[in-house]
Amino acid sequence: MIDSIAISTGGGDAPGLNAVIRAIVRSAIKEYGWEVYGIETGFDGLLETSGVRRLESKDVRGILQEGGTILGTTNRGNPFEYPAKVGSKIVKEDRSDELIANFKSLGLDALIAIGGDGTLCIAHELFKKGLPVVGVPKTIDNDLAATDVTFGFDTAVATATDALDKLHTTAESHHRLMVLEVMGRNAGWIALHSGVAGGADAIVIPEIPFELEIICDHLIARKRRGSRFSIVVAAEGAYPKGGEPFYMQKSGGKDGPAVRFGGIGMWLARQLGLCTGMEARAVVLGHLQRGGSPTTFDRFLSTRFGVGAVELVAKEKFGEMVCFKGRRVESVSLEEATANQNLVDPEGEIVRVAEKLGVTFGR
Ligand code: F6P
């Protein structure tokens, strides 16, 4: 029997997190009369008793359209590998038993963990150790295979497309080549969707390692046809054929996830500027893609996911995650949810559409 539930938000934030929190709190209280608690800063809040607070309907008033998460988040708080200072060294400790014990001592009956692959993998491990948890998929990267789409993606694409519209006008005025670097980790979804919607001339994504020469020839041909500017979208994880991705940080650091991409935009602008003879500039869109008000689509999806997660808890379907299939909210096991990445199909319909419009992927 369920009396009280908790919510946590983990990993990088995404527009729509607050909409999920609101939907969970409102439906859990209205439909079931449960008490709802918010865990602060991902799973970290369960390792410190001060990190848990009661959420009433009034606490979620007016947050539907707000970016970020009222609970805070982190992409460092893995309870199975929790950083601890021993002398002058930082070591990793397994604090999962302590987390589960704290959860039980708070009298909580279920946890709804909202997060991307990292958070959902942790949730799955905690479930295997007995924590009653259900998941909600979140990520601007849209890289989870178990759901057709994650919330946050649509807003990130809208932000990137808006940036491309703005870059178009300045590129045209100055007869420049503009390269926009967008997020996405190993998946090229944000680059592909915004590149098509924003009318890019070249798009580079991790799923299609590119040949610089092909992009150069494409842009030179465009110049010869009288187009005095060009727009290139680069997914942060893209890399040249035979090469490797560009990293800001390649392995375990203290200020973020182990791998941080970055640098492809600047590199491409320089290389393409040299080979085309055009003046080139790079813009890194960065965390702007994670901020701001969620689009209508993301608010709608987040709200449906929040209510769907509460229904899973009510049915005590722990170890499951809500997902979007076709046009319906359904559920899959956390095991299946974390098994595969959703990557762009290089021979898929969207890539073909782009190529038929004359966009090059450098292949
Ligand atoms: O997974 C979401 C994401 O925004 C990626 O697209 C990006 O590579 C990463 O997080 C950035 O992480 P951080 O906020 O630690 O810089």
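Going by the structure above, here's the rest.
This structure is a prediction, so every number in the text was calculated from the model and none was measured. (Residues numbered from 1 in each chain as written. Predicted model: local features only at pLDDT ≥ 70, side-chain atom pairs only at ≥ 80, totals over all residues. Heavy atoms only, no water.)

A. The site of the ligand, seen in detail. Among the 10 residues in the neighbourhood of the ligand, the closest are listed as Asn75, Asp141, Glu236, His287 and Arg290. A distance of 3.0 Å is found between an oxygen atom of the ligand and a side-chain nitrogen or oxygen belonging to Asn75. Residue Gly184 places a main-chain N or O atom 3.1 Å away from an oxygen atom belonging to the ligand. Taking 400 Å² as the accessible area of the ligand by itself, protein coverage stands at 85%. Here the shell around the ligand spans two domains, and each of domain 1 (4-151 + 294-337) and domain 2 (155-291) adds at least three residues to it. (Near = heavy atom within 4 Å. Polar contact = N/O pair within 3.5 Å; in protein donor to acceptor, adjacent residues only side chain to side chain. Areas by Shrake-Rupley, 256 points an atom, 1.4 Å probe, with all protein chains shown as cover. Domains from an automatic or database assignment.)

B. Up close: the environment of Thr338. With respect to the element layout, Thr338 can be found in the loop between helix 9 (334-337) and helix 10 (349-356). Judged by relative accessible area, Thr338 falls into the partly exposed class, the value being 22%. Residues Thr338 and Lys85 lie 253 residues apart in sequence; the distance between their C-alpha atoms is 30 Å. Here Thr338 is in contact with Asp117, Leu120, Cys121 and His124, once residues within four sequence places are set aside. A distance of 3.3 Å separates a polar side-chain atom of Thr338 from the backbone oxygen of Glu335. (Helix = DSSP H or I, 4+ residues; strand = E, 2+ residues; numbered from the N terminus. Buried < 20%, exposed > 50% of the residue type's maximum accessible area, 1.4 Å probe, protein only. Contact = heavy atoms within 4.5 Å.)

C. Structural view of the pairing of strand 14 (residues 320-325). A large share of strand 14 lies buried, amounting to five of its six residues. Where strand 14 and strand 15 (residues 328-333) come together, six bridges link them in antiparallel fashion. Opposite Cys323, over in strand 15, you have Glu330 as the bridge partner. (Pairing = 2+ DSSP bridges.)

D. Seen up close, the packing of helix 6 (residues 212-224) against helix 7 (residues 264-276). Running from N to C, helix 6 and helix 7 point in directions that differ by 55°, and their axes come no closer than 10 Å. Overall, the two elements helix 6 and helix 7 adopt an arrangement that is oblique. Both helix 6 and helix 7 take part in a crossing whose hand is right-handed. Together, Leu212, Ile215, Cys216, Leu219, Ile220 and Lys223 of helix 6 and Trp267, Leu268, Gln271, Leu272, Cys275 and Thr276 of helix 7 make up the contact between the two elements. (Axes fitted to C-alpha atoms, helices over the stretch in contact; angles between N-to-C directions. Parallel < 35°, antiparallel > 145°, perpendicular 65-115°, else oblique. Left-handed = near helix turned anticlockwise from the far one by under 90°.)

E. A look at the sheet that holds strand 9 (residues 202-204). The strand order across the open sheet formed by four strands is 9-10-8-13, and the pairing between neighbours is parallel. At either end of the open sheet lies a strand with only one pairing partner, and these are strand 9 and strand 13 (280-284). Between one strand axis and the next, the sheet turns through 15° on average, direction left out of account. The sheet contact formed by strand 9 and strand 10 (residues 230-235) spans three bridges and is parallel. Each bridged residue has a counterpart across the sheet, and for Ala202 the counterpart in strand 10 is Val232. The sheet contacts of helix 7 involve strand 8 (177-182), strand 9, strand 10 and strand 13, and relative to strand 8 the element is tilted by about 160°.

F. Inspection of unusual backbone geometry at higher detail. We note that Thr41 has phi near 55°; this positive angle belongs to a residue other than glycine. Not every positive phi belongs to a glycine, and Arg185 is a case in point at roughly 55°. Summarising the element assignment, Arg185 is placed in the loop between strand 8 and helix 5 (189-197). What makes Arg185 partly exposed here is its relative accessible area of 30%.

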